[in-house]
Amino acid sequence: MRVSIFGTGYVGLVTGACLAEAGNQVICVDVDAGKIERLNRGEIPIYEPGLEDLVERNRQSGLLRFTTDAAAATAHGEIIFIAVGTPPDEDGSADLRYVLSVARDIGTHLSRYAVVVNKSTVPVGTADRVRAAIAATLAGRGVDVAYDVVSNPEFLKEGDAVKDCMKPDRIVIGSSSATAIAALKTLYAPFNRNHERLVLMDERSAELTKYAANAMLATKISFMNEVANIAERVGADVEAVRLGIGSDPRIGYAFIYPGIGYGGSCFPKDVQALGRTARGVGYEARILDAVEAVNHDQKSRLYAQMEVHFGGSLKGRTIAIWGLSFKPNTDDMREAPSRTLMEALWAAGARVRAFDPEAAHEARRVFGERDDLELVDEAMDALDGADALAIVTEWKAFWSPDFARIAAAMSAPVLFDGRNIYDPKVVEDAGIAYYGIGRGRSVQRPDFV
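Bear in mind that the values here come from a model prediction, so they are computed numbers and not experimental data.

The rules behind each value
For every chain, the first residue of its written sequence is number 1, and the numbers climb from 1 along that sequence. Since the coordinates come from a predicted model, pLDDT governs what is reported: local features require at least 70, and pairs of side-chain atoms require 80 or more to be given and counted, while whole-chain, interface and lining totals use all residues. To get the side-chain values, take all heavy atoms of the structure and skip hydrogens and water. Pairing of aromatic rings covers Phe, Tyr and Trp, the last counted by its six-membered ring, and requires centre-to-centre distances within 6.5 Å; plane angles under 30 degrees mean stacked, over 60 mean edge-to-face, and any other angle means tilted. Helix and strand definitions here come from DSSP, where helices need a minimum of 4 consecutive H or I residues and strands a minimum of 2 consecutive E residues; each element is numbered from the N-terminal end. Exposure categories follow from relative accessible area, calculated using a 1.4 Å probe and restricted to protein chains: below 20% of the type maximum is buried, above 50% is exposed, and the middle band is partly exposed. Working definition: the arc comes from the directions between the helix axis and the C-beta atoms, pointing outward to the latter. In what follows, a contact means two residues having at least one pair of non-hydrogen atoms within 4.5 Å. Take the residue count of a helix, subtract one, and multiply by 1.5 Å to get its expected span. By the convention used here, strands pair only if DSSP detects at least 2 bridges between them. When the strands point away from the viewer and the path from the first strand over the helix to the second turns clockwise, the crossover is right-handed. Inter-axis angles, ranging from 0 to 180 degrees, are taken between N-to-C directions of lines fitted to C-alpha atoms, where helices are fitted over the stretch in contact. Surface patches are drawn from residues lacking salt bridges whose relative accessible area is over 30%; two like charges belong together within 9 Å, two nonpolar side chains (Val, Leu, Ile, Met, Phe, Trp, Tyr) within 5 Å. Residue burial considers only the protein chains on display, and all accessible areas are found by Shrake-Rupley using a 1.4 Å probe. Salt bridge, as used here: a side-chain nitrogen of Lys or Arg that lies within 4 Å of a carboxyl oxygen of Asp or Glu. Counting rule for charge: Lys and Arg are taken as positive, Asp and Glu as negative, and neither His nor the chain ends is counted. By convention, the charge on Lys lies at NZ, on Arg at CZ, on Asp at CG and on Glu at CD. If an angle is under 35 degrees, it is roughly parallel; if it is over 145, roughly antiparallel; if it lies from 65 to 115, roughly perpendicular; otherwise it is oblique. Each crossing gets its hand from how the near helix is turned against the far one by less than a right angle, where anticlockwise is left-handed and clockwise is right-handed. Gly falls in the polar group here, along with every residue not listed as nonpolar (Ala, Val, Leu, Ile, Met, Phe, Trp, Tyr, Cys, Pro) or charged (Asp, Glu, Lys, Arg). For every residue, the pLDDT score states the predictor's confidence, bounded by 0 at the bottom and 100 at the top.

*Asks:* Quick question: what am I supposed to make of the packing of aromatic side chains here?
*Replies:* A ring pair, where both rings are aromatic, is described by two values, the distance of the centres and the angle of the planes. In total, this model carries 8 aromatic pairs according to the counting rule given. A ring pair is formed by Phe255 and Phe267, whose centres lie 6.2 Å apart and whose planes are at 45 degrees; its orientation type is tilted. Taken together, the residues span a long stretch of sequence, with Phe255 in the loop between helix H10 (238–246) and helix H11 (267–280) and Phe267 in helix H11 at a distance of 12 residues. Note on Phe255: relative accessible area 29%, which makes it partly exposed. Using a relative accessible area of 13% as the deciding quantity, one classes Phe267 as buried.

Right, here's the structure in full:
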């Protein structure tokens, strides 16, 4: 099929590459000419496992092309995806200026029937607004062209996006048009062979499904962090509690790992946007407000522990940080807990020496060159003479370190485990003071699940 995708960010690029891999002819369009030039040279703007090879293979085959030409992309696509950003506005609502701008571009160039698909994460009612924007633009041209607008939200996890796209656990399609549904069924057939993954509904329900899914996952994280904070105060070990409740199939183990909060481009934005949607219809979403408040406070947890350990002053201290991205297997630092920690340390007069397998370039872009930030090329290089080590992102490379080497490298060995990836007893037996999240007493950690 002929597919056009407006937006070459995280969602657009992964979706385009995967659809091309299935044999479709895909054009990805973006207003950023520099990004398009880099993509046409085979340079990938984000780190995502498997994506670079996928893009390059399909670019070389001619199935995946990149352009800034909106007219050509609109003319090409039987199915036209809108996959541009919806950043949070000042009031927490999703900013739809880019989505509606693309809708007007489509209306400007549309000359035959096409299925227009909202892939961006958007508030309830956006399909209606896109439909109206296209209609108004067509009317301004004095032409009458048939089209359908469909809501087809993405459910891609950063770090697993290619796998999620190629083997989705569900494909949500919001539409009342039999023609549009048939077209998307054909497009997604290669991804739907093992068992039926299509979930059909109306547009507004599909839009709400995306927000509700992310808000539910964020709620599990904040709830577990609440439990961790209680465990710390009553002398319980939250890791034992996690295993005890996760074994209940009604709860499960996913997203109940305590830590220093969630980040990224999805959960913070979507929780805020859903709360804003609720307030817009006169409903106070108290759980969503609490989820966001707990997460905000949790990002400061490691710094609070450091203040206690160092007697209230970190001025002149050097803190080693392992992990800058908001989660492993990505270079994304948007809303990352590392940013909260580093900014607090700098405000207190401390220096930061940090390592991340993929996100160092992003840290340089975000913070620039500064005297109180050193980005190193190896994890152990961050420790030389450091006053403390903070584990902020649970990259697999950090899970089995040589604790004797860590103790020897640091000036006064202390480890702040923001992701509870270590056994407190093992760390302490190596002569390193240990602080975790919700580890009320230093007990032998149960087996990982």
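Having seen the structure, we can now continue with the description.
*Asks:* How should I be thinking about H10 in this particular structure?
*Replies:* Two residues of an α-helix separated by three or four positions point the same way, owing to the 3.6 residues in each turn. Along H10, the residues classified as buried are Val238, Glu239, Arg242, Leu243 and Gly246. Here the buried residues of H10 occupy an arc of 145 degrees about the axis, which is enough to place them on one side. Among the structural elements, helix H9 (203–234) are those in contact with the buried residues of H10.

*Asks:* I tried to follow H11 on my own but got confused; where do I start?
*Replies:* When the terminal C-alpha atoms of H11 are compared, their 20 Å separation across 14 residues agrees well with the 20 Å that a helix rising 1.5 Å per residue should span. Phe267, Pro268, Lys269, Asp270, Val271, Ala273, Leu274, Gly275 and Ala278 are the residues of H11 that are buried. In this fold, the buried residues of H11 make contact with H9 and helix H12 (286–298). With its phi angle positive at about 80 degrees, Gly282 sits one or two positions after the end of H11.

*Asks:* I tried to follow the pairing of strand S13 (residues 414–417) on my own but got confused; where do I start?
*Replies:* Put simply, side chains in a regular strand alternate between the two faces of the sheet. Here S13 shows a buried face lined by Val414 and Phe416 and a second buried face lined by Leu415 and Asp417. The pairing of strand S12 (residues 388–391) with S13 spans 3 bridges and is classified as parallel. The partner of Ala390 across the bridge, within S13, is Phe416. With helix H16 (residues 403–409) bridging S12 and its parallel neighbour S13, the resulting β-α-β unit is right-handed. Both S13 and strand S14 (residues 433–435) contribute to a ladder of 3 bridges, which runs parallel. Residue pairing for S14: Leu415 is matched across the bridge by Tyr434. For the crossover from S13 across helix H17 (residues 424–429) to S14, the handedness is right-handed.

*Asks:* Explain unusual backbone geometry to me, please; I cannot follow it from the model alone.
*Replies:* Excluding glycine, a negative phi dihedral is what most residues carry, and trans is how most peptide bonds are arranged. Its identity as a non-glycine residue notwithstanding, Phe255 has a phi of 65 degrees, on the positive side. Phi at Glu335 takes a positive value of approximately 55 degrees, unusual for a residue other than glycine. Examined against the element boundaries, Glu335 turns out to sit in the loop between strand S9 (318–322) and helix H14 (337–347).

*Asks:* Explanation requested: the environment of Ala290 in the structure shown.
*Replies:* Residue position: Ala290 is located in helix H12. A relative accessible area of 39% means that Ala290 is categorised as partly exposed. C-alpha separation for the pair Ala290 and Ser222, spaced 68 residues apart in sequence, amounts to 8.4 Å.

*Asks:* What should I look at first to understand the sheet that holds strand S11 (residues 373–375) in this one?
*Replies:* Note on sheets: strands pair through backbone hydrogen bonds, and any given pair is parallel or antiparallel. Overall, parallel pairing links the 6 strands, which are arranged S11-S10-S9-S12-S13-S14 in an open sheet. In this open sheet, the two strands that pair with only one neighbour each are S11 and S14. Adjacent strand axes in the sheet meet at a mean angle of 20 degrees, parallel and antiparallel pairs treated alike. For strand S10 (residues 351–355) and S11, the ladder comprises 3 bridges, and the chain directions are parallel. Bridged to Val352 within S11 is Leu373.

*Asks:* Would you mind going over a negative patch on the surface with me for this structure?
*Replies:* Together, Asp377, Glu378, Asp381 and Asp384 make up a region of like negative charge exposed at the surface. Looking at where Glu378 falls in the secondary structure, it is placed in the loop between S11 and S12.

*Asks:* Help me understand the packing of H9 against H11 in this model?
*Replies:* Angle between the axes and distance between the axes are the two parameters that describe a pair of packed helices. Axis separation between H9 and H11 bottoms out at 9 Å; the angle between their running directions is 115 degrees. Taken together, the axis directions place H9 and H11 in an arrangement best described as roughly perpendicular. In this structure, H9 meets H11 at a crossing whose hand is left-handed. Two secondary-structure elements touch here, H9 through Leu208, Lys210, Tyr211, Ala212, Asn214, Ala215, Leu217, Ala218 and Ile221 and H11 through Phe267, Asp270, Val271, Ala273 and Leu274. Class assignment for the residues of the contact of H9 with H11 results in 11 nonpolar, 1 polar and 2 charged.

*Asks:* Sorry, what's going on with the side chain of Ser338 here?
*Replies:* With respect to the helices and strands, the residue Ser338 is situated in helix H14. What Ser338 contacts, discounting residues up to four positions off in sequence, is Gly323, Leu324, Met333 and Val392.

*Asks:* Would you mind going over the packing of helix H1 (residues 10–21) against helix H3 (residues 51–61) with me for this structure?
*Replies:* Following both chains from N to C, one finds H1 and H3 inclined at 55 degrees, their axes separated by 9 Å at the closest point. Here H3 runs oblique to H1, going by the angle between their axes. The hand of the H1/H3 crossing is left-handed. Facing H1, whose interface residues are Leu13, Val14, Ala17, Cys18, Ala20 and Glu21, H3 presents Leu51, Leu54, Val55, Arg57 and Asn58. Grouping the amino acids of the contact of H1 with H3 by side-chain chemistry returns 8 nonpolar, 1 polar and 2 charged.

*Asks:* Before we go on, may I ask you to explain the confidence of the model for the protein in this structure?
*Replies:* Detailed reading of predicted coordinates is not advised where the pLDDT is low. The pLDDT averaged across the protein works out to 95; a share of 98% of its residues lies at or above 70. Taken as a whole, residues 442–449 scores under 50 in pLDDT and shows 25 contacts with residues more than four places along the chain or in a different chain.

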